[in-house]
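Coordinate inspection notes
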Amino acid sequence: MQKIFDKFPFKTLIIFLIAIVTMNITYYNHSKTLLLNQQKEKIDILTSTISTLLDSQSEGEASYEEMIAQNLRSSALAIQEALDPDFHQVDNAQLVALTKKLDLDGISLFERRGDDFVVVRSSDPKELNASSKTWGIVYDAQLQLSDKKKVNIGTGLALEHFWSGPIDTASTDESVIRKWGEYFDGTTNYIINPYVNVANSLSHYRNKIGVDANITKLLASNQDNLLEIAVLNSEKIFKNGPTPYQRDNWYSERLIEYGSYDYRDTLEGDNMQEAIRLKQPVYYVTQINGKKVLKSFTPFLTSNLKYKKEEIPKVVMVATDYSQVQKALNGQLSDVILFMTIVTTLGLASISAFLILTRKRNEGLVKNVQDVYLDNINSIVQSIKEQRHDISNHLTALSWMLKSKRYESAEEYIRPLVHDAAMLENQIKAIEINVPAISAIIQAKLAQSELHNIAMHVEFSRMDNLRLTTMKATDLVRVISNLMDNAFDATLELPVQERSVSIEGNVTDNQLHIRIRNSCHPLPANSQARLFEAGFSTKMGKKNKGLGLHIIQQLLEQHRGTIECDASENGMTFSLMLPLKSDVENMSVNANFHL
């Protein structure tokens, strides 16, 4: 036995084991990247949904605020009509009565005193003697109204002698949220300030049909890994001190505008700033309360939601449970390690048995035994690679479907298998073509489409009726190859998910039809008419441009064929027809491509 181990090829074994470990590490990292990208795509969909809802809600709330503002102006005119133009001749009881009559929540009258505005009469005693000097945009609006100017401060609704600012917290009672109107036409010695409380109506709207309601639904339907969604006031993250005028707890200054934000971390400020700077989502993994979390920040601008003049972007934050990704990876890795361990053990056992038998059979054939041994090792490694590839793919799909229990996620994992099946189906269809020359070129283009991530579809029928005489098989291959190359060139200019090429062929009514389509950028109308000109091409800077279609046209004209093109926003279609007669082939080719 010792002599057997003396002859054991340990160097080969080490290389064999290194290869296995390397393949597993590569597979693990690849799976990790795929899972992480799928998680990011899911986050992108959620963020897009929230952004769309925010746009819709902000437009609705803008209309809601404008309607209230219009009503406040009408109320202000009624108040002016009912009151003496001198506030000294007005008492608070009159304002209380008008408040009830006009269905308001309060009325205040401001007197200008130098560079300040002070409440001198009010239906609410809390408002009396309040100063607007520290009220930011409200104070700015009152200054402009008092100077008989149209209010222009970049926000709110400005009408004749009137301005109404965004909904906000009341300075005299921070438990209520109000919308105010400011009216002054110079006929009174006071600014009329009617207001209504809107907290209940806003809360009801948002909890029932608004963004908050939809966030709740999204969290409920994605409980497996979605932890939290929030729409954040980004400037609240960056500020080191209190907001101007000590309004840190005001409605307009709140950090969380929708949703909740409990998963906070020390990296959020830097990552949020990076997202705003790049104007695109930023993802990062962090540890929060002992849990590994994948967070994302996505900036967006919605002018209807802004309180200040500046275009400060809001940020959608999404937090997901990264441990689910890790759990899936660990499960896959365990299965693969188990499989590889079994295969390795069997391989080593086979090698040992082979060495023992070879040694007993012929001690003098050591060199030949080693050669055979090395051949077997290579064969085993190749077999392991092939088996591991298939098993790993199935384990990946099964792991996701069984552990995540999500149809959407299962679809994402099964998609590569579906793609492989489609490729196999296309290859089978290509093999079944009754013309070897066409079959060969289609199979070659299938391999090329796989290399360039192009979705290719093959469909041929009734090709057994094709009889080629005058048009040689080489000419037919030349036509198809030229059209397919053009199609590939065109669709490669698009993002991967939009690349598609299809080829269809059949023999009908003594005619051969082959249709090649592809997606591409729209072709200018003035270029379409010149496509068949020698030397013309839309492929700028490439060699041999402009020859393909010209050659095809010449070939078809020689055999009484025709060619037509049809351009659309999504691609182009070229239709070629060639009659099949006793000595003439019939070919109809539809090809979408971009020169």
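To start, this report covers the structure provided alongside it. (Residues numbered from 1 in each chain as written. Predicted model: local features only at pLDDT ≥ 70, side-chain atom pairs only at ≥ 80, totals over all residues. Heavy atoms only, no water.)

Quick word on the side chain of T491
Secondary-structure assignment places T491 in helix 13 (residues 473–491). A polar contact is formed between the side chain of T491 and the side chain of S519, at a distance of 2.9 Å. Other than its neighbours up to four places away in sequence, T491 contacts I454, E498, R499, S500, V501, N518 and S519. (Helix = DSSP H or I, 4+ residues; strand = E, 2+ residues; numbered from the N terminus. Polar contact = N/O pair within 3.5 Å; in protein donor to acceptor, adjacent residues only side chain to side chain. Contact = heavy atoms within 4.5 Å.)

Let's talk about the pairing of strand 11 (residues 282–288)
Side chains of strand 11 alternate between two faces, with V282, Y284, T286 and I288 buried and Y283, V285 and Q287 left unburied. As defined by bridge partners, strand 11 adjoins strand 12 (residues 291–300) across seven bridges and the pair is classed as antiparallel. Each residue of the ladder has a partner; that of Y283, found in strand 12, is S296. Connecting strand 11 to the antiparallel partner strand 12 that follows it, the hairpin turn spans two residues, and N289 within it adopts a positive phi of roughly 55°. (Buried < 20%, exposed > 50% of the residue type's maximum accessible area, 1.4 Å probe, protein only. Pairing = 2+ DSSP bridges.)

A closer look at a nonpolar patch on the surface
Taken together, the side chains of L338, I342 and L346 make up a nonpolar region of the molecular surface, amounting to roughly 310 Å² of accessible area. The topology assignment puts L346 in helix 9 (residues 322–361). Look at L346 and you get exposed, because its relative accessible area is 54%. (Patch = residues over 30% accessible without salt bridge, like charges linked within 9 Å, V, L, I, M, F, W, Y side chains within 5 Å. Areas by Shrake-Rupley, 256 points an atom, 1.4 Å probe, with all protein chains shown as cover. Salt bridge = Lys/Arg side-chain N within 4 Å of Asp/Glu carboxyl O.)

Considering unusual backbone geometry
The phi dihedral of H161 is positive, around 60°, even though this residue is not glycine. Summarising the element assignment, H161 is placed in the loop between strand 3 (157–159) and strand 4 (162–164). Look at H161 and you get partly exposed, because its relative accessible area is 33%. Positive phi, normally seen in glycine, also occurs at K279, with a value near 60°. In this fold, K279 is placed in the loop between helix 8 (268–278) and strand 11.

So, the nonpolar core
Within the largest apolar cluster, 40 residues are counted, with the highest numbers of intra-cluster contacts made by I438, I442, F460, I480 and I503. Looking at this core, the elements that each hand over two or more residues are helix 12 (436–451), strand 14 (455–461), helix 13, strand 15 (500–508), strand 16 (511–519), helix 15 (548–558) and strand 18 (571–579). In terms of residue count, helix 13 provides more of this core than any other element does, eight residues in total. Counting residues in hydrophobic clusters, the runner-up holds 24 residues, among them A69, L95, L104 and L202. (Core = buried A, V, L, I, M, F, W, Y, C linked by side-chain atoms within 4.5 Å.)

Overview of the sheet that holds strand 9 (residues 226–233)
Hydrogen bonding along the main chain pairs the strands of a sheet, whether they run parallel or antiparallel. Pairing is antiparallel in the open sheet, where five strands are placed in the order 10-9-13-12-11. Edge positions in the sheet fall to strand 10 (256–259) and strand 11, since each of these pairs with one other strand and no more. For this sheet, the mean inter-axis angle between neighbouring strands, taken without regard to orientation, is 25°. The sheet contacts of helix 6 (residues 211–221) involve strand 9 and strand 10, and relative to strand 9 the element is tilted by about 160°. (Axes fitted to C-alpha atoms, helices over the stretch in contact; angles between N-to-C directions.)

Structural notes on the pairing of strand 12
Regular strands place side chains that alternate from one sheet face to the opposite one. In terms of residue burial, strand 12 counts as a mostly covered element, since eight of its 10 residues are buried. Direction of pairing for strand 12 relative to strand 13 (residues 314–321): antiparallel, over a ladder of eight bridges. Bridge pairing links T298 to V316 in strand 13.

Quick look at the pattern of salt bridges
Taken as a whole, this structure holds 15 salt bridges when the rule is applied. Note that K126 is salt-bridged to D173, the shortest N-O span being 3.5 Å. Of this pair, K126 sits in the loop between strand 2 (116–122) and helix 4 (137–146) while D173 sits in the loop between strand 5 (168–169) and strand 6 (177–180), and the two are 47 residues apart along the sequence. Overall, the relative accessible area of 51% leaves K126 in the exposed class. A salt bridge links R517 to E504; the nearest nitrogen and oxygen atoms lie 3.3 Å apart. In this pair, R517 sits in strand 16 while E504 sits in strand 15, placing the two residues 13 residues apart along the sequence.

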